[in-house]
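Each chain, letter by letter, is given below.
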Amino acid sequence: MVEILYRHFIITASAQFNPATKFWIGKANIAFAYGRNRLSGTLTGPKDQHSSERAAEYFIISQAKDLIEAHLATPTDETVPSE
């Protein structure tokens, strides 16, 4: 399990082995605080791509960062303040 802080967002990433496909599946929980509210969401990676736990975690962290960047590039009422 890996936990990082990226642009005010906390990304908690892990990988789970799928014995049926013999591949690792990356999962990330992305959370941030907005005022008194804590918002979060889960991102799940592809089921048949990664042959190692580390590769699955690296991939899902990269995807989470891309999602955060896309969120910050789109102005909304709930956008987190920039750095």
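What this report covers is the structure whose coordinates are included nearby. (Residues numbered from 1 in each chain as written. Predicted model: local features only at pLDDT ≥ 70, side-chain atom pairs only at ≥ 80, totals over all residues. Heavy atoms only, no water.)

1. What to know about the overall build of the protein chain
Argument step 1. Looking only at helices and strands, one finds one helix and four strands in the protein chain.
Argument step 2. When the elements of the protein chain are put in sequence order from the N terminus, they spell out β-β-β-β-α.
Argument step 3. Seen through its principal axes, the protein chain has C-alpha atoms that stretch 45 × 20 × 20 Å.
Argument step 4. The burial tally for the protein chain puts 27% of its 83 residues in the buried class.
Argument step 5. For the protein chain, the share of sequence-separated contacts (at least 6 apart) that also reach a separation of at least 24 residues comes to 43%.
Argument step 6. In the protein chain, which carries 8 positive and 9 negative side-chain charges, the distance between the mean positions of the two groups comes to 6 Å. (Helix = DSSP H or I, 4+ residues; strand = E, 2+ residues; numbered from the N terminus. Buried < 20%, exposed > 50% of the residue type's maximum accessible area, 1.4 Å probe, protein only. Contact = heavy atoms within 4.5 Å. Lys, Arg positive; Asp, Glu negative; His and termini not counted. Charge placed at Lys NZ, Arg CZ, Asp CG, Glu CD.)

2. Observations concerning helix α1 (residues 53-73)
Argument step 1. Here α1 contains 21 residues, and its C-alpha end-to-end distance of 30 Å stays within 8% of the 30 Å for a straight helix at 1.5 Å per residue.
Argument step 2. Turning to α1, its buried residues are A56, E57, I60, I61, A64, I68 and L72. Down the axis of α1, the buried side of the element spans an arc of 135°, and every buried residue falls inside it. Pointing more than 90 degrees away from the buried face of α1 are the exposed residues Y58 and A73. (Expected span 1.5 Å × (residues − 1). Arc of directions from axis to C-beta.)

3. A word on the packing of aromatic side chains
Argument step 1. One pass over the structure, following the stated rule, counts two aromatic pairs.
Argument step 2. Each ring, one from F9 and one from F32, has its centre 4.6 Å from the other, and the planes form 55°; the classification is tilted. With F9 in strand β2 (residues 9-18) and F32 in strand β3 (residues 23-34), the pair connects residues that are 23 residues apart, well separated along the chain. The exposure classification of F9 matches that of F32, with both residues buried. (Phe/Tyr/Trp six-rings, centres within 6.5 Å; stacked < 30°, edge-to-face > 60°.)

4. As for the environment of A33
Argument step 1. Inspection of the secondary structure assignment puts A33 in strand β3.
Argument step 2. In this structure A33 comes out as exposed when scored by relative accessible area, which is 55%.
Argument step 3. Placed 24 residues apart in sequence, A33 and F9 show a C-alpha to C-alpha distance of 8.0 Å.

5. Some words on the nonpolar core
Argument step 1. Of all hydrophobic cores here, the largest spans eleven residues; its members are F9, I11, A13, A28, I30, F32, I60, I61, A64, I68 and L72.
Argument step 2. Sorting the residues of this core by element identifies β2, β3 and α1 as the ones contributing at least two each.
Argument step 3. Looking at which element gives the most residues to this core, the answer is α1, with five residues.
Argument step 4. Other than its neighbours up to four places away in sequence, A28 contacts I11, T12, A13, G41, T42, L43, I60 and A64. (Core = buried A, V, L, I, M, F, W, Y, C linked by side-chain atoms within 4.5 Å.)

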